[in-house]
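Understanding the architecture of this molecule
Given next are the chains, with one letter for each unit.
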Amino acid sequence: MAAVTKLGGGRMIRSVNRGLILAALEASSQSRADIAKSTGLNKATVSSQVAELIEAGLVVETGIGPAELGRKPLLLELDGGAAYAAGVALAPRSFRLTIRDLAGKERLARDCSLPAPPSAETAVEAIGAALDRALAELPRPRYGLAGLGLSVPGVVEAEGGMVLRATSLGWEGVSVREPLARRCGCPVWVGNDAKLAAAAERIAGGRGKCEEELLCLIVGEGIGLGAYLGGELYAGPRGYFGEAGHLPFVAGGRPCSCGNRGCWAAYASETALAADLAAALGESAPLPFERIVELGSGPDPRVGACLSDYAGALAGGIAGLVNLFSPNALVLASELLEALPRLFAELRDRVAAQAMDFNRGCELRLSALGRRAPAIGAALAARDRFIEAAIEDPGRLGSRSAP
Ligand SMILES: [Zn+2]
């Protein structure tokens, strides 16, 4: 809510209050009395703010809730038909597009291929074209497309949206926000994939409540960490928090894409496993994902030994994170662990054995959103910025139009 702090006096308080009400409605449809109870705001404030939100077209009255002291209250919810937000998660050879409405409901999702590794220009054009096609298939919401969030597997500058380094894409110092905003005709926000996955996991992960302390670890071609600490998504002062894959793991060990040696990702990423399996089987090229899954479900003892080493390397780093942050839950977004339940079970046992005894209550679970999490987080980020702007200046909404 950085924009809100720039406002003064009563206007700031009204904006904060509206933000609280919108956050309450994100969780479920509620009556005015429910909102007053969950936000701690008084009923008169809730009523006047809700009237303004209805006027702005962000909130609608829907249905009738259970009777309380004889009178049945009207339920309120975010108006899904007001606007869409798009989320795109970039990967080296593909991207996932999701379009969600203001209420957070998914209207469309699809995977699109990219030439590998994609240039920024290629990625911008492919995303723009996929977005055009997707929007043409959907009914137009009142305020059109509110914005687009882009998830990048790499280090992203928090303020300017510059991709400082995304090794798997071959991007270094790439400015993608402005060209994408021009191509798509809407505001664009760029973020790191693990942070966006953590945001998605916390809001849309199906737990029905927001967890105050939550770590989300994305394990794929690299390893990234997103962390909610004290209820806030932690980014660090420059936004670079979360490069867990480059934790020094083995002194003087394997070379890493960052230029150092012995980083955790050089042992515990899927890239490392693909290379280790190829070496164990005497093959010259790293094994593709589908083949790893196929072999991982089979009886070959060489594969079993390799997977066991991999579980050990992954567990070592995870136990370290659990001891460091002592979170309630650590969520793993990993296609491989999803596909190989035996491997996940071994990992969980090893983490339980290695974490310090007072941290063993930390729940280690697979993401309910899986590989969809970064795109969902990106769409939620774009939606939240639209809502923030609407709170700050409701007059803007009337002039919005679809690209
Ligand atoms: Zn490294």
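Attention in this report is confined to the structure presented alongside it. Per chain, residues are indexed from 1 in the order of the written sequence. Predicted model: local features are reported for residues with pLDDT of at least 70 only, side-chain atom pairs are reported and counted for 80 or more only, and whole-chain, interface and lining totals are derived from all residues.

Remarks on the sheet that holds strand 8 (residues 155-156)
Quick note on the threshold: Strands are treated as partners if at least two bridges between them are detected by DSSP. For the purposes of this entry, the term helix denotes a DSSP run of H or I that reaches at least four residues, the term strand denotes a run of E that reaches at least two, and both are numbered from the N terminus.
Overall, antiparallel pairing links the three strands, which are arranged 8-9-10 in an open sheet. Each having just a single partner strand, strand 8 and strand 10 (171-175) make up the two edges of the open sheet. Bridging between strand 9 (residues 162-166) and strand 10 involves four bridges; their strand directions are antiparallel. Along strand 10, the bridge assignment pairs Val-163 with Val-174.

Structural notes on helix 10 (residues 289-296)
What counts, and what does not: Exposed residues have 12 or fewer other C-beta atoms within 10 Å of their own C-beta, buried residues have 20 or more, and partly exposed residues fall in between, where C-beta atoms are placed from the backbone. An arc is given here, and it is the one of the directions from the helix axis to the C-beta atoms. Any pair of residues counts as being in contact when their C-beta atoms, constructed from backbone geometry, are within 7 Å of one another.
Buried residues of helix 10: Ile-292, Leu-295 and Gly-296, and no others. Around the axis of helix 10, the buried residues are gathered within 100° of arc, so they sit on the same side. Looking at the buried side of helix 10, the elements it contacts are helix 9 (270-281), helix 11 (301-325), helix 12 (335-339) and helix 13 (341-354).

A short note on the packing of helix 11 against helix 13
Convention followed: Axis geometry follows a simple rule: fit a line to the C-alpha atoms, using only the stretch in contact for helices, then measure angles between N-to-C directions, giving values from 0 to 180 degrees. Orientation is classified from the angle alone, with under 35 degrees giving roughly parallel, over 145 giving roughly antiparallel, 65 to 115 giving roughly perpendicular, and any other angle giving oblique. A clockwise turn of the near helix away from the far one marks a right-handed crossing, whereas an anticlockwise turn of less than a right angle marks a left-handed crossing. Note on residue categories: nonpolar means Ala, Val, Leu, Ile, Met, Phe, Trp, Tyr, Cys or Pro, charged means Asp, Glu, Lys or Arg, and polar means any other residue, Gly included.
The contact between helix 11 and helix 13 brings their axes to 8 Å, and the two run at 45°. As the angle between them shows, helix 11 and helix 13 are arranged oblique. At the point where helix 11 passes helix 13, the crossing takes the right-handed sense. On helix 13, the residues that touch Leu-307, Ser-308, Ala-311, Gly-312, Leu-314, Ala-315, Gly-316, Ile-318, Ala-319 and Val-322 of helix 11 are Leu-343, Glu-346, Leu-347, Arg-350, Val-351 and Gln-354. By residue class, the composition of the contact of helix 11 with helix 13 is 10 nonpolar, four polar and two charged.

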